[in-house]
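Analysis of the macromolecular model
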Amino acid sequence: MRILNRAEMISLYVDGSCLENQNVSKDTPAAWGLVVVKGDNGLGKGTGEIIEEISGVVVTSSESDNYLGAEIGSNNTAELSGFAEALRWLLVNGDETPAVIRTDSLYAGNLATGKWKAKANTKLVETLQTLWREVISICDLEWEHVKAHRGHRWNERADHLALRCAQGIAPIPLSFWKPGQR
């Protein structure tokens, strides 16, 4: 499926961050960032208008209302959680507007669509795939891979939001932030 009118679509940029991506556990600081943009052309120059910026930690407690199935905090669970949160955003806010999720994680995109089979994080991937199916039943949706840390403005912003959330500090306001600034 290809979305023809990119000026009218919603672009959702997602990224994940993990501070200690070795010897990960339930308590490893990991987080995701999401930047929702209207009218972006996807070329990385920062076109379009930001509708919303959101970030959050990877939830590993099944007791939490925001639990998506992650058992540990890791870079992979952060990427998957960010992708899932983008899908949740579309279910609540996206109506039937065509959308594209842009991520630097081939892992998250290919697992979400079922192109790859999960060998780990199976509960989280199951949630992610269920969300993908729900969203594609109500709107045109695709995902695209963007290269990480190459100056793609909105991908860099999602990375900034995820890293700052994992560090437990507030992001730099967009008006002061420059791409590549972590």
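Refer to the structure above for everything that follows.
Here's a quick rundown of the structure. (Residues numbered from 1 in each chain as written. Predicted model: local features only at pLDDT ≥ 70, side-chain atom pairs only at ≥ 80, totals over all residues. Heavy atoms only, no water.)

Now for the pattern of salt bridges. Taken as a whole and judged by the stated rule, the model has four salt bridges. Between Arg-88 and Glu-85 there is a salt bridge, with its nearest N and O atoms 3.2 Å apart. Of this pair, Arg-88 and Glu-85 both sit in helix α1 (residues 75–93), three residues apart, roughly one helical turn. Exposure remark for Glu-85: the relative accessible area of 14% places this residue in the buried category. Among the salt bridges present, the one from Glu-144 reaches Arg-102, with a minimum N-O distance of 2.9 Å. Of this pair, Glu-144 sits in strand β5 (residues 141–145) while Arg-102 sits in strand β4 (residues 99–103), placing them 42 residues apart in sequence. Each member of the pair, Glu-144 together with Arg-102, is buried. (Salt bridge = Lys/Arg side-chain N within 4 Å of Asp/Glu carboxyl O. Helix = DSSP H or I, 4+ residues; strand = E, 2+ residues; numbered from the N terminus. Buried < 20%, exposed > 50% of the residue type's maximum accessible area, 1.4 Å probe, protein only.)

Given a rise of 1.5 Å per residue, 15 residues ought to cover 21 Å, and the 21 Å separating the end C-alpha atoms of helix α4 (residues 153–167) matches this to within 8%. Across the 15 residues that make up α4, a large majority, 13, are buried. Two residues or fewer after α4 comes Gly-168, characterised by a positive phi angle close to 80°. (Expected span 1.5 Å × (residues − 1).)

Right, let's talk about the environment of Asp-27 for a bit. With respect to the helices and strands, Asp-27 occurs in the loop between β1 (10–18) and β2 (30–38). Here Asp-27 falls in the exposed class, since its relative accessible area comes to 71%. Taking the C-alpha atoms as reference points, Asp-27 and Ser-61, 34 residues apart in sequence, are found 10.0 Å from one another.

Formed by 33 residues in total, the largest nonpolar core has its most connected members in Leu-12, Leu-34, Phe-83, Leu-87, Leu-90, Ile-101 and Leu-141. For this core, the element with the most residues is α1, which contributes eight residues. Ignoring any residue separated from it by four or fewer positions in sequence, one finds Leu-12 in contact with Leu-34, Val-35, Val-36, Ala-86, Trp-89, Leu-90, Ala-99, Val-100, Ile-101 and Arg-102. With six residues, the next largest nonpolar core counts Val-35, Trp-154, Ala-158 and Leu-161 among its residues. (Core = buried A, V, L, I, M, F, W, Y, C linked by side-chain atoms within 4.5 Å. Contact = heavy atoms within 4.5 Å.)

Here the focus is the environment of Gly-33. Tracing the backbone through its elements, the reader meets Gly-33 in strand β2. By relative accessible area, Gly-33 is classed as buried at 0%. C-alpha of Gly-33 to C-alpha of Glu-156: the two residues are 123 residues apart in sequence and 9.9 Å apart in space. Not counting the four nearest positions on each side in its chain, Gly-33 is found in contact with Tyr-13, Val-14, Asp-15, Ile-54, Ser-55, Ala-158, Leu-161 and Ala-162.

Turning our attention to the sheet that holds β4. Adjacent strands of a sheet form backbone hydrogen bonds with each other and so pair up, either parallel or antiparallel. Across the sheet, five strands lie side by side as β3-β2-β1-β4-β5; this open sheet has mixed pairing. Bordering the open sheet on either side are β3 (49–57) and β5, each of which pairs with just one other strand. Across the sheet, the mean angle from the axis of one strand to that of its neighbour is 20°, orientation sign disregarded. Where β4 lies against β5, five bridges are found, and the strand directions are parallel. Paired with Val-100 across the two strands is Glu-142, which belongs to β5. Across the sheet, α1 touches β1, β2, β3, β4 and β5, and the angle it forms with β1 is around 155°. (Pairing = 2+ DSSP bridges. Axes fitted to C-alpha atoms, helices over the stretch in contact; angles between N-to-C directions.)

Right, let's get into the packing of aromatic side chains. For the coordinates displayed, the defined rule picks out one aromatic pair. A centroid spacing of 6.2 Å and a plane angle of 40° characterise the contact between Phe-83 and Trp-132, whose relative ring orientation is tilted. Of this pair, Phe-83 sits in helix α1 while Trp-132 sits in helix α3 (residues 122–136), and the two are 49 residues apart along the sequence. For Trp-132, a relative accessible area of 9% corresponds to the buried category. (Phe/Tyr/Trp six-rings, centres within 6.5 Å; stacked < 30°, edge-to-face > 60°.)

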